[in-house]
Amino acid sequence: MPELPEVEVSRRGIEPHLVQRRITALRVRDARLRWPVPAAAQAVVGETIIAVERRAKYLLIKTTGGYLIVHLGMSGKLRVVPADTLVVKHDHIDLVLDSGQVLRFNDPRRFGCWLYSAEDPEQAHPLLAELGPEPLTDAFHVDYLFNASRGRQQAVKTFLMDNHVVVGVGNIYANEALFKAGINPKRAAGKISKARYDKLVPVIKDTLAEAIRQGGTTLQDFTQADGQPGYFKQQLLVYGRGGKLCMQCKNRLKEIRLGQRSTVYCTFCQR
């Protein structure tokens, strides 16, 4: 599933093509996504796009009359293409613009979503209203994370992946950040010292920021809005490397399941 850097890269890719363009049509070829595309979404037709924002892994297309809430799911892709571009299998939605282009959504697995909110969804929509802070903002800091962890018995990796704690630290980047901070992913979040969180927080920020700079991590289904792959995968230190040698100590990395997700770590470097 695309993680925060991949979604942010998609946002940056489509934004220049959408802002200040008027929406002339919303064509829904198949409304059967994770949640059915609501008929209310047609309210954006005739409106002008003011901004393309991101909250967690949701893209928010803000118009003069409301918001489209877009999630890529596991296999969703967004492309800005000429309106006469041939429609292919799984091209479920077109947002048609007055520029002669369309924002096209392709999603083979149909776990993505296109929803609508007349009000600011960050305040009013149940999917977004209770989310934790963005990891790349000042709201995510050592004191916040340390205080949120107190009394938590869950593994620190699943704690970091809880969107009510902090958004966007998905499986790949939780693996990578904990390795760089030298923290065992199985350790109880509430038993980790403030000094160790003091090291972890900037590592999370740096890891996500670097992934965004490099265009996201190319996995099975993700490419950038222009069709080019991300390059961060070349720098992964532990994720996907279970059984291989640790790049720091040369011992073998261990792979386990935590919260039903693959977790790779070094038993020597991470305590």
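Before any of the text, the structure's been laid out above.
Residues numbered from 1 in each chain as written. Predicted model: local features only at pLDDT ≥ 70, side-chain atom pairs only at ≥ 80, totals over all residues. Heavy atoms only, no water.

## Observations concerning the overall build of the chain
A tally of helices and strands in the chain yields 6 helices and 10 strands. On C-alpha atoms alone, the chain measures out to a radius of gyration of 20 Å, which is about the 18 Å that the 2.2 N^0.38 rule sets for 271 residues. Each of the three principal axes of the chain carries a C-alpha extent, and together these read 60 × 35 × 30 Å. Classification of the 271 residues of the chain by burial places 51% in the buried group. Total accessible area on the chain is roughly 12,100 Å²; 49% of this is exposed by carbon and sulfur atoms. Each charge class in the chain was averaged separately, 39 positive and 27 negative side chains, and the resulting centres sit 10 Å apart. (Helix = DSSP H or I, 4+ residues; strand = E, 2+ residues; numbered from the N terminus. Rg over C-alpha atoms; globule rule 2.2 N^0.38 Å. Buried < 20%, exposed > 50% of the residue type's maximum accessible area, 1.4 Å probe, protein only. Areas by Shrake-Rupley, 256 points an atom, 1.4 Å probe, with all protein chains shown as cover. Lys, Arg positive; Asp, Glu negative; His and termini not counted. Charge placed at Lys NZ, Arg CZ, Asp CG, Glu CD.)

## So, the sheet that holds strand β8 (residues 113–117)
Remark on secondary structure: sheet strands pair via backbone hydrogen bonds, oriented parallel or antiparallel. Here we have 4 strands laid out as an open sheet, ordered β2-β3-β4-β8, and antiparallel in their pairing. With one partner strand each, in any of the chains shown, β2 (49–55) and β8 form the two edges of the open sheet. Neighbouring strand axes in the sheet, compared pairwise and without regard to direction, differ in orientation by 20 degrees on average. Helix-sheet contacts for helix α1 (residues 4–18) involve β2 and β3 (58–63), and the interaxial angle to β2 is about 175 degrees. (Pairing = 2+ DSSP bridges. Axes fitted to C-alpha atoms, helices over the stretch in contact; angles between N-to-C directions. Contact = heavy atoms within 4.5 Å.)

## Details of the packing of helix α3 (residues 142–149) against helix α6 (residues 194–213)
At a minimum axis distance of 9 Å, the contact between α3 and α6 shows a crossing angle of 130 degrees. The angle between the axes of α3 and α6 places the two elements in the oblique class. Along this stretch, α3 crosses α6, giving a crossing that reads as right-handed. Residues Val-142, Asp-143, Leu-145, Phe-146 and Ser-149 of α3 form the contact with α6, whose own contacting residues are Lys-194, Tyr-197, Asp-198, Leu-200 and Val-201. Within the contact of α3 with α6, the residues separate by chemical class into 6 nonpolar, 1 polar and 3 charged. (Parallel < 35°, antiparallel > 145°, perpendicular 65-115°, else oblique. Left-handed = near helix turned anticlockwise from the far one by under 90°. Nonpolar A, V, L, I, M, F, W, Y, C, P; charged D, E, K, R; others polar.)

## A few points about the state of the cysteines
Under the definition given, this model contains 0 disulfides. There is no disulfide at Cys-269, and the cysteine sulfur nearest it, in Cys-266, is 3.7 Å away. Judged by its relative accessible area of 21%, Cys-269 falls in the partly exposed class. (Disulfide = S-S within 2.5 Å.)

## Description of the nonpolar core
Core analysis: the largest hydrophobic core is formed by 27 residues, its most contacted members being Leu-145, Val-156, Leu-160, Tyr-197, Leu-200 and Ile-204. Leaving out residues up to four positions away in the same chain, Leu-200 has contacts with Leu-145, Leu-160, Ala-177, Leu-178, Ala-181 and Ile-183. Formed by 26 residues, the second largest nonpolar core is a distinct cluster that contains Ile-14, Leu-18, Val-44 and Leu-68. (Core = buried A, V, L, I, M, F, W, Y, C linked by side-chain atoms within 4.5 Å.)

## Focus on the packing of aromatic side chains
In the structure shown here, the tally under the stated rule is 2 aromatic pairs. A centroid spacing of 6.3 Å and a plane angle of 70 degrees characterise the contact between Phe-146 and Tyr-197, whose relative ring orientation is edge-to-face. Of this pair, Phe-146 sits in helix α3 while Tyr-197 is found in helix α6, placing the two residues 51 residues apart along the sequence. In this pair, the class of Phe-146 matches that of Tyr-197, namely buried. (Phe/Tyr/Trp six-rings, centres within 6.5 Å; stacked < 30°, edge-to-face > 60°.)

## Regarding helix α5 (residues 171–181)
Judged by how many residues are buried, α5 sits mostly within the fold: 10 of 11 residues are covered. Burial in α5 covers these residues: Asn-171, Ile-172, Tyr-173, Ala-174, Asn-175, Glu-176, Ala-177, Leu-178, Phe-179 and Ala-181. Residues of α5 that are buried in the fold lie against α1, α4 (156–160), α6 and β10 (261–265).

## Some remarks on the pairing of strand β9 (residues 254–258)
Of the pairings in the sheet, the one linking β9 to β10 comprises 5 bridges and is antiparallel in character. Each residue of the ladder has a partner; that of Glu-255, found in β10, is Val-264. In this antiparallel pair of consecutive strands, β9 and β10, the connection spans 2 residues, and Gly-259 shows a positive phi of 55 degrees.

## Side note on the sheet that holds strand β7 (residues 101–106)
Pairing is antiparallel in the open sheet, where 4 strands are placed in the order β1-β6-β7-β5. In this open sheet, the two strands that pair with only one neighbour each are β1 (23–28) and β5 (77–82). Averaged over neighbouring strand pairs, the angle between their axes works out to 20 degrees when direction is ignored. Where α1 meets the sheet, its contacts fall on β5, β6 (91–97) and β7, and the angle it forms with β5 comes to roughly 30 degrees.

## Section: the pairing of β7
Most of β7 sits out of view: 5 of its 6 residues are buried. Sheet analysis places β5 next to β7, joined by 6 bridges and oriented antiparallel. By the bridge assignment for β7, Lys-77 is matched with Asn-106. The pairing of β6 with β7 spans 5 bridges and is classified as antiparallel. By the bridge assignment for β7, Val-96 is matched with Val-102.

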